[in-house]
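What follows is the residue order along each chain.
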Amino acid sequence: MGHTFLLMPELPEVETVRRSLARHVEGRTVTEVEVGDPYVLRGQAVEVFREGLTGQTLRSTCRHGKLLFFPLEDKTLIVHLGMTGQLTIRLPHRHDTPFAVHKKTGLQRTLQHAPDKHTHISLYLDNGAALHYRDIRKFGRFFHLPIVTEDKVISHFNLGVDPLTEAFTTDYLKRGLAHRKVALKAALLDQKFIAGLGNIYVDEALFQAGLRPGRGAYRLTLPKCELLREAIVQVLEKGIEAGGTTLRDFVSGEGQAGYNQEGLLVYGRYGKPCPRCGSVLKRGVYGGRTTSWCSRCQQ
DNA sequence: ACCTCGACCTGGGCGC
DNA sequence: TGCGCCCAGGTCGAGG
């Protein structure tokens, strides 16, 4: 008790989880399914979920935007981590380590922990490992759908392009922004347009591109769209390389903390000096989310 | 079709 | 130690 694990799952965090789980789950067969709190299933029948997954083999691990999914034999297991969802593997030969201190950040992390009252779903695998889903706020959700292609998963959830694919071109960005009267930041948070950006990486990308979050999305010129596209790709790739952003106790599927938080330039830093020009970072709300930006560096 | 805003949850942090 | 309030990485649906 007393320790919490908060995940900030935007694209880089979800990709970090996917990569760290891959070697533990790919090719494994589900032997048993436990559902603690069916809320996470959002109305799907518990028995249908359990029986649908038991005996199925996890063929691979996939991600599109913030959506994580696992193709099975004749269906797909799909996970959205919401705000505080964690998907971690618990290996039989390892000791649980509720607390450890991250070398660089000093943040607490866990390498592996036993299920607790926030663990809502557990999949037991044929190698003795268990895949636990833990989610304090329960904004996350699990699905299993009788579809097998990645395209169909993406269209089922109405997701836009993943910004780390070739479909994310300057043209796509320009055309998608052209008709939107909302703030640029709000447009970038729309998962039907670009799948994977969230509050942290949007603020970081806008700062890097030198663009004001509150300006009308439709006003972006093609050259600015190119700058923005590059900035988005760069901040996301950097986030993945850093193993995600750990503000509190984010852990990968293997219990590793990320360290991208050390490189955040504006997110959550309103009221503090701009790392580039020193003027005080502004605070505002766009797309319903708290936003930080530099009014001198971002025009 | 587009947009805004509250609802959905639990817990941390802060002021008193 | 406790209470009340505000805040938090994300959607989703009702209503304008």
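Cut-offs applied
Residues numbered from 1 in each chain as written. Chains lettered and ligands numbered in written order. Predicted model: local features only at pLDDT ≥ 70, side-chain atom pairs only at ≥ 80, totals over all residues. Heavy atoms only, no water. Helix = DSSP H or I, 4+ residues; strand = E, 2+ residues; numbered from the N terminus. Rg over C-alpha atoms; globule rule 2.2 N^0.38 Å. Buried < 20%, exposed > 50% of the residue type's maximum accessible area, 1.4 Å probe, protein only. Contact = heavy atoms within 4.5 Å. Areas by Shrake-Rupley, 256 points an atom, 1.4 Å probe, with all protein chains shown as cover. Lys, Arg positive; Asp, Glu negative; His and termini not counted. Charge placed at Lys NZ, Arg CZ, Asp CG, Glu CD. Salt bridge = Lys/Arg side-chain N within 4 Å of Asp/Glu carboxyl O. Core = buried A, V, L, I, M, F, W, Y, C linked by side-chain atoms within 4.5 Å. Domains from an automatic or database assignment. Buried area = accessible area lost by both parts, 1.4 Å probe.

**Structural notes on the overall build of chain A**
Now for step 1: A tally of regular secondary structure across chain A gives seven helices and 12 strands.
Now for step 2: For 299 residues, the compact-globule estimate of 2.2 N^0.38 gives 19 Å, and chain A sits close to it at 20 Å.
Now for step 3: Residues counted as buried form 54% of the 299 residues belonging to chain A.
Now for step 4: Taking as baseline every contact in chain A between residues at least 6 positions apart, the subset at least 24 positions apart corresponds to 66%.
Now for step 5: Carbon and sulfur atoms make up 51% of the accessible area of chain A, which amounts to about 13200 Å² in all.
Now for step 6: Charge centroids of chain A, computed over 41 positive and 30 negative side chains, lie 10 Å from each other.

**A word on the pattern of salt bridges**
Now for step 1: Scanning all chains against the criterion turns up 14 salt bridges.
Now for step 2: Across the salt bridge formed by Glu-15 and Arg-19, the nearest N and O atoms sit 2.7 Å from each other. In this pair, Glu-15 and Arg-19 both sit in helix 1 (residues 11–25), four residues apart, roughly one turn of the helix.
Now for step 3: You can call Glu-15 buried: its relative accessible area is 7%.
Now for step 4: A salt bridge links Glu-226 to Arg-229; its shortest N-O distance comes to 3.3 Å.

**Observations concerning the nonpolar core**
Now for step 1: Formed by 30 residues in total, the largest nonpolar core has its most connected members in Leu-173, Leu-177, Leu-184, Leu-188, Leu-197, Leu-228 and Ile-232.
Now for step 2: For this core, the elements supplying multiple residues, two or more each, are helix 4 (170–178), helix 5 (184–189), helix 6 (199–209) and helix 7 (222–241).
Now for step 3: When sequence neighbours within four positions are dropped, the list of residues in contact with Leu-184 reads Leu-177, Leu-206, Leu-211, Arg-212, Pro-213, Arg-215, Gly-216, Ala-217, Leu-220 and Leu-228.
Now for step 4: Membership of the second largest hydrophobic core comes to 28 residues, among which are Val-35, Leu-41, Leu-58 and Ile-121.

**Points about the domain arrangement of chain A**
Now for step 1: As far as domains go, chain A holds domain 1 (11–156) and domain 2 (170–293).
Now for step 2: Computed from C-alpha atoms alone, the centre-to-centre distance between domain 1 and domain 2 is 27 Å.
Now for step 3: Residue-level contacts link 27 residues of domain 1 with 28 residues of domain 2.
Now for step 4: Buried area between domain 1 and domain 2, both sides added, is near 2200 Å², and the carbon and sulfur share of it is 58%.

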